[in-house]
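Examination of the molecular architecture
Here is what each chain is made of, one letter per residue.
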Amino acid sequence: MIRVRFAPSPTGYLHVGGLRTALYNYLLARRHGGKFLLRVEDTDRTRLVPDAVDNILDNLRWADIYPDEGVGCQPEGEHGPYTQSQRLPIYRKYADQLLEAGLAYRCFATAEELAEMRQNHGGYDRRYRDYDVAEAKKRADAGEAHVIRMKVPVGESLEFDDLVRGHVRFDSNQVDDQVILKSDGFPTYHLAAVVDDHEMEITHVIRGEEWLTSTPKHLLLYRFLGWTPPRFAHLSLVVNIQGKKLSKRDGDVSVNEYREQGYLPAGLLNFLALLGWSNGDNREVWSVSDMEKVFALERVHPSPAVFDFDKLRHINQQHLFAMEDTAIADLLPEWFTKAGLPVPERDYLVRVVGLMKQRCSLLPDFVGGASYFYQDPESFDETTARKRWKPESGELVREFADRLQALPGWTAVELEASLRELCEARGQGAAALIHPVRLGVSGVGGGPGLFEMLEVLGREVCVRRLRKAAEVLK
Ligand code: GLU
């Protein structure tokens, strides 16, 4: 059975690149009826952010790619605990085993010594690698601070087949005698990840390219411990349009920021999936459930994936457009509350959504981008007024308001007929009234179809706004 894991370090809020990693893991598990685990890698105690785990869980729940096993599940599962800081004795046991087998050694180098080595040798000079074992044990037993390092063999070629990048080769001479257990008794990422991936029976490790250089160390640890390694797939970096690693400077990088802007989880996930994966066709719009049916690591590209904000917006728009009006309306109340506006009555909101759907890419566009559906305009767009409001407009608009007051029906068709009739009677083209009426009821020059808009706004609102506009605009 395929078992994969998302293994974030709680050193910050969930990043869009992290969500992509989680998504690919999730998709592979779903495709093959496997399990998707969440493991918290919190061994770097200096970089912990207190609410990071909650943030990660909350965002995975929002995205609906929640783990089947591990942190966040109740019960967590049979391979737990899934939080590394709760597994210290397990790592200690394996570190001791490696010590005993002569595949690791104690190192007593002080911080000053290490700094000096970095300066003069560009890294650790392996000075404790051949240190007397009995002596080292004595010093350790006496309580002297030390770390445990793995003994990386000299002059070996470390190779593996990456499911995304193909055959990868490292020279062991380029690999440090990596620390596996720190002086505080915590493992480093390398030991903890290998031990856990083995004990949790992970079959595929799917992670970001930044971990590629760790993989030769991991392969050695698997060999030292006598275990079969999982398959590896290293995902390409996410870059900006200039080809540089995506950073805060390019815009938003945390999932929260996209939620706050009103992206749909489906839109964001679709966009993230296409950052490095395609099904071999040009299909752009995907639901997660459709991707689950076809996702394959063979179709993940090794080249850097460009994060194009316009494309994200465009894809989100496609998802919004495909939704039922009622389903969109259900998501909107929180956006009214956020904007400090009362939540409109539901039937009304559904009708507004129907009119505005084509013009909105994000959820709050239905609120801020359509404010005239909820409030009388406070002002009239000046450029439009200059261009569209003629000396005779006030009189025409006032007359139209009177007609609307008395109009027997209130459908878009009747509204349009009434407007055209009036224009004809006054020897004017319809445009002489269409533009001023739009400006008068909405305060702006663009929007959905005018007569549909009047129909939704209703008689009382239209008449009131038009009379007010005729008074204010000169
Ligand atoms: N804890 C690592 C991270 O924060 C996970 C690397 C891995 O998946 O092995 O990205």
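Once a new chain begins, its residue numbering starts again from 1 and follows that chain's sequence as written. Predicted model: local features are reported for residues with pLDDT of at least 70 only, side-chain atom pairs are reported and counted for 80 or more only, and whole-chain, interface and lining totals are derived from all residues. Side-chain measures were taken over the full set of non-hydrogen atoms in the model, leaving aside hydrogen atoms and water.

Let us look at the packing of helix α18 (residues 412-425) against helix α20 (residues 450-457). Helix-helix packing is characterised by the crossing angle of the two axes and by the distance between the axes. Running from N to C, α18 and α20 point in directions that differ by 115°, and their axes come no closer than 8 Å. The two elements α18 and α20 meet at a crossing, and its hand is right-handed. Every residue of α20 that contacts α18 at A412, L415, E416 and L419 is listed here: F451, E452, L454 and E455. Of the residues in the contact of α18 with α20, the class split is five nonpolar, no polar and three charged. Angles shown run from 0 to 180 degrees and are taken between the N-to-C directions of axes, each axis being a line fitted to C-alpha atoms and, for helices, limited to the stretch in contact. Helix and strand definitions here come from DSSP, where helices need a minimum of 4 consecutive H or I residues and strands a minimum of 2 consecutive E residues; each element is numbered from the N-terminal end. Left-handed is the label given to a crossing in which the near helix is rotated counterclockwise from the far helix by less than a right angle, and right-handed is the label when the rotation is clockwise. We call two residues in contact whenever any of their non-hydrogen atoms come within 4.5 Å of each other. Amino acids outside the nonpolar list (Ala, Val, Leu, Ile, Met, Phe, Trp, Tyr, Cys, Pro) and the charged list (Asp, Glu, Lys, Arg) are all regarded as polar, and Gly is one of them.

The rule for pairing is simple: two strands pair if DSSP sees at least two bridges between them. One open sheet holds the three strands; their spatial order is β4-β5-β8, and the pairing between them is antiparallel. Lying at the two open borders of the sheet, with one neighbouring strand each, are β4 (104-107) and β8 (179-181). The mean angle between the axes of side-by-side strands here comes to 45°, regardless of whether they run parallel or antiparallel.

This next bit is on the packing of helix α17 (residues 393-406) against helix α19 (residues 431-442). Put simply, α17 and α19 touch, their axes get as near as 10 Å, and they point 80° apart. Classified by the angle their axes make, α17 and α19 are roughly perpendicular. The residues of α19 that touch α17, namely those facing S393, L396, V397 and F400, are A432, L433, P436 and V437. Split into classes, the residues belonging to the contact of α17 with α19 amount to seven nonpolar, one polar and no charged. Every angle not falling under 35 degrees, over 145, or within 65 to 115 is termed oblique; those three ranges are roughly parallel, roughly antiparallel and roughly perpendicular.

Attention now goes to the environment of E395. Residue position: E395 is located in helix α17. With relative accessibility at 47%, the residue E395 sits in the partly exposed group. A C-alpha to C-alpha distance of 90 Å links E395 and F224, two positions 171 residues apart in sequence. Buried residues are those whose accessible area, probed at 1.4 Å on protein chains only, stays under 20% of the maximum for their type, while exposed residues exceed 50% and partly exposed ones sit between those limits.

Two rings from Phe, Tyr or Trp (for Trp, the six-membered ring) form a pair when their centres sit within 6.5 Å of each other. Planes less than 30 degrees apart are called stacked, planes more than 60 degrees apart edge-to-face, and all others tilted. Summed over the entire model, instances satisfying the criterion amount to 16 aromatic pairs. Ring centres 5.3 Å apart and planes at 45° place the aromatic pair Y24 and F295 in the tilted group. Highlighted residues: Y24 in helix α1 (residues 16-31) and F295 in the loop between α10 (288-294) and β12 (305-306), separated in sequence by 271 residues. An angle of 85° between the planes, with centres 5.8 Å apart, marks the rings of Y26 and F36 as edge-to-face. Of this pair, Y26 sits in helix α1 while F36 sits in strand β2 (residues 35-38), and the two are ten residues apart along the sequence. F36 shares its class with Y26; the two are buried. Among the aromatic residues, those joined into a cluster by ring pairs are Y258, Y263, F271, F307 and F309.

Residues are classed as near a molecule or strand on a simple rule: at least one heavy atom within 4 Å of it. Taken together, the residues surrounding the ligand are R5, A7, P8, S9, E41, Y189, R207 and W211. Here a polar contact means two N or O atoms within 3.5 Å. Within protein one must be a hydrogen donor candidate and the other an acceptor candidate, and residues neighboring in sequence count only if both atoms are side-chain atoms. Between a nitrogen atom of the ligand and a main-chain N or O atom of A7, the distance comes to 2.8 Å. Between E41 and the ligand, the recorded distance is 2.6 Å, taken from a side-chain N or O atom to a nitrogen atom. Accessible surface area values rest on a Shrake-Rupley calculation with a 1.4 Å probe, where residue burial reflects the displayed protein chains alone. Relative to its unbound accessible surface of 300 Å², the ligand loses 84% to contact with the protein. Here the residues of the shell around the ligand sort into four nonpolar, one polar and three charged.

Below, the discussion takes up the nonpolar core. Nonpolar cores were defined as sets of buried Ala, Val, Leu, Ile, Met, Phe, Trp, Tyr and Cys residues, with membership established by side-chain atoms within 4.5 Å. Grouped together as the largest cluster of nonpolar side chains are 86 residues, with contacts concentrated most on L19, Y24, L60, I65, L268, W277 and F307. In terms of residue count, α1 provides more of this core than any other element does, nine residues in total. If sequence neighbours within four positions are ignored, W277 has contacts with Y24, W286, M291, V294, F295, A296, R299, V300 and H301. If you look at the next biggest cluster of nonpolar residues, it comprises 56 residues, including L320, L355, V441 and L466.

Honestly, that's just the spatial picture; any functional story needs more than this.
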